[in-house]
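Observations on the three-dimensional arrangement
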Amino acid sequence: MTRESYEAELELLREDITDMAELALDRYETGLEILETGDEQRARQVIEGDHELNQQYLDIESDCIELLALQQPVASDLRFVASSFKIVTDIERVGDLATNLARYGREAGGGLDIHATQIGETAGEMFEAAMVAYVDDDAEAARAIAARDDTLDERCRETTEAVIRDLMTTRAWEPDGVGQRLQSASRELLTVRDIERVGDHAVNICARTLYMVEYDDDLIY
Amino acid sequence: MSEPEPETQTESTDEQNESASLIDTHVTADSETGRPRVHGESVVEARNLDVHYGEEQALSDVHLDIYEREVTAIIGPSGCGKSTFLRCINRMNDLVESAKIDGQLRFRGTGMYSDEIDPVALRRQIGMVFQHPNPFPKSIYDNVAYGLRVQNETVTDDIVEEALRRAALWDEVKDQLHTSALDLSGGQQQRLCIARAVAVDPDVLLMDEPASALDPIATSKIENLIEDLSQEYTVVIVTHNMQQAARISDRTAVFLTGGELVEVDDTATIFENPDDQRVEDYITGKFG
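Nothing here was measured: the structure is a model prediction, and the numbers come from that model.

**Things to note about the overall build of chain A**
A tally of helices and strands in chain A yields 8 helices and 0 strands. Counted from the first residue to the last, chain A has its helices and strands arranged as α-α-α-α-α-α-α-α. Principal-axis analysis of the C-alpha atoms gives chain A an extent of 75 × 35 × 20 Å. Each of the 221 residues in chain A was classed as buried or not, and the buried ones make up 47%. In the form shown here, chain A has an accessible surface area of approximately 10700 Å², with 47% of it arising from carbon and sulfur atoms. Distance between charge centroids for chain A: 7 Å, based on 21 positive and 51 negative side chains.

**As for the nonpolar core**
By size, the foremost hydrophobic cluster in this structure holds 57 residues, and its most contacted members are Ile17(A), Tyr28(A), Ile91(A), Phe127(A), Met131(A), Tyr134(A) and Ile205(A). Going through the elements one at a time, α1 (3–37), α2 (40–48), α3 (50–71), α4 (75–108), α5 (116–136), α6 (139–147), α7 (149–168) and α8 (177–214) of chain A are the ones with two or more residues in this core. Among the elements that line this core, the one with the most residues is α1(A), at 13 residues. Other than its neighbours up to four places away in sequence, Ile205(A) contacts Ile87(A), Asp90(A), Ile91(A), Phe127(A), Ala130(A), Met131(A) and Tyr134(A). Counting 49 residues, the second-largest nonpolar core is a separate cluster that includes Val129(B), Ala145(B), Leu214(B) and Tyr233(B).

**Focus: a negative patch on the surface**
All names here are of chain A. A surface patch of negative charge is lined by Glu-15, Asp-19, Glu-22, Asp-26, Glu-29, Glu-36, Glu-121 and Glu-128. For the negative patch, the secondary structure elements donating two or more residues are α1 and α5. Looking at the negative patch element by element, the count peaks at 6 residues for α1.

**Here we look at the pattern of salt bridges**
Counting across every chain of the model gives 31 salt bridges over all chains. Its salt-bridge partner being Arg157(A), residue Glu154(A) comes within 2.5 Å of it at the nearest N-O pair. Here Arg157(A) and Glu154(A) lie together in helix α7, a separation of 3 residues that amounts to about one turn. Glu154(A) gets classed as partly exposed once you look at its relative accessible area, which sits at 32%. Residue Arg247(B) is joined to Glu223(B) by a salt bridge in which the shortest nitrogen-to-oxygen separation is 2.7 Å. Of this pair, Arg247(B) sits in helix α8 (residues 242–248) while Glu223(B) is found in helix α7 (residues 216–229), placing the two residues 24 residues apart along the sequence.

**Section: a nonpolar patch on the surface**
Residue and element names in this part refer to chain A. The grouping of Ile-164, Met-168 and Leu-189 at the surface amounts to a nonpolar patch, some 290 Å² of accessible area in total. As for its position among the elements, Met-168 is in helix α7. Residue classification places Met-168 among the exposed positions, given a relative accessible area of 66%.

Conventions and cut-offs
Residues numbered from 1 in each chain as written. Chains lettered and ligands numbered in written order. Predicted model: local features only at pLDDT ≥ 70, side-chain atom pairs only at ≥ 80, totals over all residues. Heavy atoms only, no water. Helix = DSSP H or I, 4+ residues; strand = E, 2+ residues; numbered from the N terminus. Buried < 20%, exposed > 50% of the residue type's maximum accessible area, 1.4 Å probe, protein only. Areas by Shrake-Rupley, 256 points an atom, 1.4 Å probe, with all protein chains shown as cover. Lys, Arg positive; Asp, Glu negative; His and termini not counted. Charge placed at Lys NZ, Arg CZ, Asp CG, Glu CD. Core = buried A, V, L, I, M, F, W, Y, C linked by side-chain atoms within 4.5 Å. Contact = heavy atoms within 4.5 Å. Patch = residues over 30% accessible without salt bridge, like charges linked within 9 Å, V, L, I, M, F, W, Y side chains within 5 Å. Salt bridge = Lys/Arg side-chain N within 4 Å of Asp/Glu carboxyl O.

Fair warning: the whole summary comes from geometry, so function is off the table for now.
Shown next, in the form of structure tokens:
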């Protein structure tokens, strides 16, 4: 492979990862909508469509291994391939979390009201911005996005506390009963946990981007 | 050139004192963490080293330390001066009439080009292995013994065996020591040349693309051997094979066109995060 075609392969890898991230983000945003609407058909599309993301993940992983084996990249090329190899895992996990949200929304029949949409949007924005930083080799943006994670974590903690507080005040004789309330509270807590994880994956992508661009591994370790 | 700044610099009090070390560079700053990194003693020191072949400049203002019991790889494009540097270290350029050497090159603190240095004695301490195996048309035994005999030293079977063992060749040739060295395979011939070099117990081993003419299996044996040899010897290897440099060396020096030493650092740093954009471009194949 000539240097030109090698560079084309590297660029193709970047494009494939961008496409996969766009699909994962789309699925995630749909998952957030399903939390509110409980739309069964859309939930099925997200859940059944996860295999598409999984296949993209495997294809990109294979491309990375091939580049490492055949091109033995070094310096910035090595950091790009190594970072991409790790980032693609984070994207795939965001896809998995999107299917979780779709399941919670479908099971609840929508109406999950725990500010999930709001914090979910924040996590989605972080993920999207992290991918832009990766594509643009933008270290400063990566640092700024990672710094937002503390705020997201705090909001997730507050929401978790609110759910638990609400559960503790539920009375057995109330119309929906403790059993039902336990189920919904459980879904709400899982929802918050998964949204918080999307933020964590955004931070991971920022960490790998910083290593890729500036050889800065502070966020990795 | 971006040789990491020495952590401690102890200038010689007498610049005319040929036996004094120029700079105590046993400790360098780790380019990643900034922490001091301890090396062995500096065996070879180049300072402001210029080499010309007639009007053509082959090396330009080279500053480089070769540390004891480390493998130092020298890489760079053709014509960048890496072999010239290697040849300076054991004064092989003395044989090139047009070669003119300026600056300072010291071996364990003594100027290599000072009048008190006997080039033949120097070459005993600094052995050389070339790109193409060059055994003499003699027996395996006589090849190993050659260096000792020309220096009128006693040759014993034990010395020959030890040299062949150090070169990882003994098990393959112990039953045919008195057959012609030319009957060996290319890889075996190269290891025989290494045995010949280590038989005189040198301080430094210079290797000029020692595996470039060998197949992957023979190359692998040579690379393993270099790693083993670095436990006892200081090794300097010139190679065009960057993966080889990455595999076997502790430090890598990158020369670029014009004989300029552009960057030297620990090998992991050179191949993961070089400091100089020209090095980045060269090792990633964008230039060179």
